Amino acid sequence: MPLILNVDDNEGARYAKSRILREAGFNVMESRNGRGALEAVRAHAPALVLLNVKLPDISGIDVCRQIKSDPQTATTLVLQVSAQALRSSDKICALESGADSYLSEPVEAEELIANIRALLRLHFAEKALRDAAHRQDCFLATLAHELRNPLAPIRNAIELLDPARAVPGSDQDAHALRMASRQMDHLGRLVDDLLDAARIARGNIELQKSLLDLGAVTEAALEAARPALQAKQQRSTVRMTPAPCLIVGDGVRVSQIISNLLSNAVKYTAVGGHIALSLETQSRHAVLRIADSGIGIEPDELPHVFELFVQSRKAAERADGGLGVGLALVKELAQLHGGSVVARSDGPGQGAEFTVRFPLAIGAQALPQAPRRDAEEGRTRSAPRRILITDDNVDCATSLLMLLEIEGHDVRMTHDALSAIDLAASFRPDVAILDIGLPGMDGRELARALRRHPSTENTDLIAVTGYGLAEDRSATSAAGFRRHFVKPAPFEDILEAISQVPVAAGHATSVPL
Ligand SMILES: Nc1ncnc2c1ncn2[C@@H]1O[C@H](COP(=O)(O)OP(=O)(O)OP(=O)(O)O)[C@@H](O)[C@H]1O
Ligand SMILES: [Mg+2]
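Remember, it's a predicted structure, so these values are computed and weren't measured experimentally.

**Section: the UniProt feature "domain: Response regulatory" (unreviewed entry) in the protein**
When the UniProt feature table is mapped to this numbering, "domain: Response regulatory" (unreviewed entry) covers residues 3–120 and 386–502. With 44% helix and 21% strand, residues 386–502 has its two end C-alpha atoms placed 11 Å apart.

**Considering the side chain of Ser97**
Tracing the backbone shows Ser97 in the loop between α4 (88–96) and β5 (101–104). Residue Ser97 is classed as buried on the basis of its relative accessible area, which comes to 3%. Residue contacts for Ser97: discarding those within four places in its chain leaves Ile61, Cys64, Arg65, Lys68 and Gln80.

**A few points about the confidence of the model for the protein**
Model confidence for the protein is summarised by a mean pLDDT of 89, while 92% of its residues fall at 70 or above. A low-confidence stretch, residues 371–378 (pLDDT under 50), is modelled with zero contacts involving residues beyond four sequence positions or located in other chains. Scored below 50 in pLDDT, residues 505–513 shows 13 contacts in the model against residues more than four places distant or in partner chains.

**Details of the sheet that holds strand β3 (residues 48–52)**
Sheet architecture is open: five strands sit in the order β2-β1-β3-β4-β5, paired in parallel fashion. Across the chains shown, the open sheet's two edge strands, defined by having one partner strand only, are β2 (27–31) and β5. Neighbouring strand axes in the sheet, compared pairwise and without regard to direction, differ in orientation by 20 degrees on average. As defined by bridge partners, β3 adjoins strand β4 (residues 77–82) across five bridges and the pair is classed as parallel. If you follow Val49 over to β4, its bridge partner there is Val78.

**What to know about the pattern of salt bridges**
In this structure the tally under the stated criterion is 24 salt bridges. Arg130 is paired through a salt bridge with Glu126; the nearest N and O atoms lie 3.4 Å apart. Of this pair, Arg130 and Glu126 both sit in helix α5 (residues 109–161), four residues apart, which is roughly one turn of the helix. For Glu126, a relative accessible area of 43% gives the class partly exposed. Across the pair Arg199 and Asp196 runs a salt bridge whose closest N-O atoms are separated by 2.9 Å. Of this pair, Arg199 and Asp196 both sit in helix α6 (residues 172–202), separated by three residues, roughly a single helical turn. Since its relative accessible area comes to 4%, Asp196 is described here as buried. Members of the salt-bridge network, linked through shared partners, are Glu280, Arg289, Arg344 and Glu353.

**Some thoughts on the site of ligand 1**
Close contacts around ligand 1 come from 22 residues, with Asn264, Tyr268, Gln311, Val325 and Leu327 the closest. Within the side chain of Tyr268, a nitrogen or oxygen atom sits 2.8 Å from an oxygen atom of ligand 1. Gly324 places a polar main-chain atom, nitrogen or oxygen, 3.0 Å from an oxygen atom of ligand 1. When isolated, ligand 1 has an accessible area of 580 Å², and the protein chains bury 95% of it. No other element matches the three residues that helix α8 (residues 251–267) contributes to the shell around ligand 1. Among the residues making up the shell around ligand 1, the classes are represented as 12 nonpolar, eight polar and two charged.

**Some thoughts on the UniProt feature "modified residue: 4-aspartylphosphate" (unreviewed entry) in the protein**
Mapped onto the present numbering, the UniProt feature "modified residue: 4-aspartylphosphate" (unreviewed entry) falls at Asp435. With respect to the helices and strands, the residue Asp435 is situated in the loop between β15 (431–434) and α13 (443–452). Those residues in contact with Asp435 that lie beyond four places of it in its chain are Thr390, Asp391, Asp392, Gly443, Val464, Thr465 and Lys487.

**With respect to the nonpolar core**
With 41 residues, the main nonpolar core has Leu214 and Ile258 as its most contacted residues. At the level of elements, α7 (214–231), α8, β9 (274–282), β10 (285–292), α10 (326–336), β11 (340–344) and β12 (352–359) are the ones that each hand at least two residues to this core. Among the elements that take part in this core, α8 stands out by supplying seven residues, more than any other. Residues contacting Leu214, with those up to four places away along its chain left out, are Cys245, Ile247, Val254, Ile258, Leu279, Ala286 and Phe358. Leu400, Leu404, Ile433 and Ala489 belong to the second largest nonpolar core, which has 19 residues in total.

**Observations regarding the domain arrangement of the protein**
Domains assigned within the protein are domain 1 (3–107), domain 2 (144–202), domain 3 (210–359) and domain 4 (386–499). A straight line from the C-alpha centre of domain 2 to that of domain 3 covers 26 Å. Opposite the 10 residues of domain 2 that make contact, domain 3 presents 13 residues. Approximately 890 Å² of surface area, both sides summed, lies buried where domain 2 meets domain 3, with 65% of it carried by carbon and sulfur atoms. When residues of domain 2 are sorted by the area they lose upon contact with domain 3, Glu146, Asp196 and Ile200 head the list and together hold 53% of the total. Run the count over domain 2 and domain 3 and you get one salt bridge. One salt bridge in this structure joins Arg253 and Asp196, with 3.2 Å as the shortest N-O distance. For the pair domain 2 and domain 3, the number of links is three residue pairs in polar contact (both at pLDDT 80 or more). Residue assignment for the side of domain 2 that touches domain 3 shows that the elements contributing at least two residues are α5 and α6. Broken down by class, the residue content of the side of domain 2 that touches domain 3 amounts to four nonpolar, two polar and four charged.

**Details of the sheet that holds strand β7 (residues 235–240)**
Strand order in the open sheet formed by five strands is β7-β9-β10-β12-β11, with mixed pairing between adjacent strands. Pairing within the sheet leaves two strands with one partner each, and these edge strands are β7 and β11. Here the average twist between neighbouring strands, direction ignored, is 10 degrees. Pairing of β10 with β12 involves eight bridges; the strand directions are antiparallel.

**Regarding the packing of α5 against α6**
At a minimum axis distance of 8 Å, the contact between α5 and α6 shows a crossing angle of 160 degrees. Considering their axes alone, α5 and α6 lie roughly antiparallel with respect to each other. Crossing handedness for the pair α5 and α6: left-handed. In contact with Phe139, Leu143, Glu146, Leu147, Pro150, Leu151, Pro153, Ile154, Ala157, Leu160 and Leu161 of α5, α6 contributes Gln172, Asp173, Ala176, Leu177, Met179, Ala180, Gln183, Met184, His186, Leu187, Leu190 and Leu194. Per-class residue counts for the contact of α5 with α6 are 18 nonpolar, three polar and two charged.

Calculation notes
Residue positions are given per chain, counted from 1 along the sequence in the order it is written. Labels follow written order: the first chain is A, the first ligand is 1, and so on. It should be noted that, the model being predicted, local features are given only for residues of pLDDT at least 70 and side-chain atom pairs only at 80 or more, the latter also being counted only at that level, while totals for whole chains, interfaces and linings use all residues. Computation of side-chain values: all heavy atoms of the structure, hydrogens and water removed. UniProt positions are given in the numbering used here, feature names are shortened, and annotations may be inferred rather than shown by experiment. Only DSSP runs of H or I reaching four residues or more are called helices, and only runs of E reaching two or more are called strands; each is numbered from the N terminus. Relative accessible area decides the class of each residue, using a 1.4 Å probe on protein chains only: under 20% of the type maximum gives buried, over 50% gives exposed, and in between gives partly exposed. Any two residues whose heavy atoms approach within 4.5 Å are treated as being in contact. Each residue carries a pLDDT score, the predictor's confidence in it, ranging from 0 to 100. Strands are labelled as partners when DSSP assigns at least two bridges between them. Helix axes are fitted to C-alpha atoms over the stretch in contact, other axes to C-alpha atoms as well, and angles between N-to-C directions run from 0 to 180 degrees. One speaks of a salt bridge when a side-chain nitrogen belonging to Lys or Arg is within 4 Å of a carboxyl oxygen belonging to Asp or Glu. By convention in this text, a residue qualifies as near a molecule or strand provided that one of its non-hydrogen atoms is within 4 Å of it. For the purposes of these results, a polar contact is taken to be a pair of N or O atoms within 3.5 Å, where, inside protein, one atom must be able to donate a hydrogen and its partner to accept one; residues adjacent in sequence count only when each atom of the pair is a side-chain atom. Here the accessible surface of atoms and residues is derived via Shrake-Rupley with a 1.4 Å probe, and residues count as covered only by protein chains that are part of the display. As a working rule, the residues Ala, Val, Leu, Ile, Met, Phe, Trp, Tyr, Cys and Pro are called nonpolar, Asp, Glu, Lys and Arg charged, and the rest polar, with Gly in that last group. Buried Ala, Val, Leu, Ile, Met, Phe, Trp, Tyr and Cys residues that are joined via side-chain atoms within 4.5 Å together make up what is termed a nonpolar core. Residue ranges assigned to the domains are those given by an automatic or database domain assignment. A simple way to read buried area is as the amount of 1.4 Å-probe accessible surface that goes missing from two parts once joined, with both sides added. By definition in this entry, angles of less than 35 degrees are roughly parallel, angles greater than 145 are roughly antiparallel, angles of 65 to 115 are roughly perpendicular, and the rest are oblique. By the definition used in this description, the sense in which the near helix is turned from the far one sets the handedness, with an anticlockwise turn below a right angle giving left-handed and a clockwise turn giving right-handed.

Dropping the structure here:
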């Protein structure tokens, strides 16, 4: 219950008001003069000061002015009460001194309480807005920091690839390429995290459920984390129950739960530390535990670690800090699976332990098994196709054109829909790779226009776009696109999609422009 400071030099009046406030459920402290009131406001930060205008030392108007002019106490509510007959000039004077409202005595108990409650409602709404704005500022600062981290090495890698900097006989180029590609993956993951954060905020994460062997998913996630563990020379102990741990879930999302926890364990544990993973069944649940010997979590931070964008002060300063999305996602996903997650830590330097519970699948054997993914799929090199690229981002279009030409395809590009329609009529592409957010006529309208034209009615349509929500995918599919890729799509995936396109008869040779 909010704390209210009741300031009045008249003992009887003060006592009466305190009683009314306590009966309404507020915590109350009292002061009999202005100086005492200012001290109490600074020391106890009450939510509201019920302030009599006439006080023996400093006037209530001045007390209010001082409360409101000190940044530390400025958000404290002040309700001025005057025993004098109400003159509108008094009221104006009180409000001008910064008071949030004004009542003149005698005040009915109900009227006093209703006024206080109304002021508190506004106060808490305003505080929530201020907190949200503060969180957003912090988040934007973290985001900028996190985006710059991978951008810096990518820029350096580009400098290294400049022929003017070539060092004959060195493997500098290969090294720079590997570095840029690693950092690109990192950037891609940040964008994925951001999108997941937006989905958490809107509560619309969808699961593709099937019957999963949690043991197998855990082993695969552990294998994927091995390089990171080895890079920090961390030891790991793994204890997995031999009993099958079948659960109903989304394989990709369950593996995301485990890898987020593992990557935290690695990230927040020093070089040479220890990480323990165990999987067991407890009556109707599968229990997965990931413990580390790392930096641990402060007791006051522990209850908040699962909140979106929450990071400890220490974590936020780290070069590999992330956005504070990982655990929020773990919690949301565990709950969507009918499970739960809890965090434990004995404090700084004492390590941390995260326990996830999933309900075991009982009588769910009829569900489809998760599709198996082949780890290494062969590289596809397909017969040459005629390909039209339309993207208003010239670098995106040009780089894709260069890559496709190296693969032997006959490629043309345009940067807007009308030129695409013009060019397509004579070029008769087998495939059109279209961006969706084009200026003027967008990619979907362009697709419909191509479909209507006899020379392109059979052209295969592939969308490569920054838009990746479920509704974006269904809109591209409705417009006639066969495939929808979200930028930055791996080039291999685009090649594979192109290889599925039949080469149209009579298109074997290129038509000169
Ligand atoms: N194993 C751990 N040991 C100590 N602190 C942890 C551990 N896991 C999480 N934390 C604390 O909880 C915070 C939130 O974790 P979360 O995974 O959500 O975000 P992050 O790791 O900072 O960034 P992201 O996961 O989005 O890249 C971390 O910033 C860190 O302070
Ligand atoms: Mg994390």
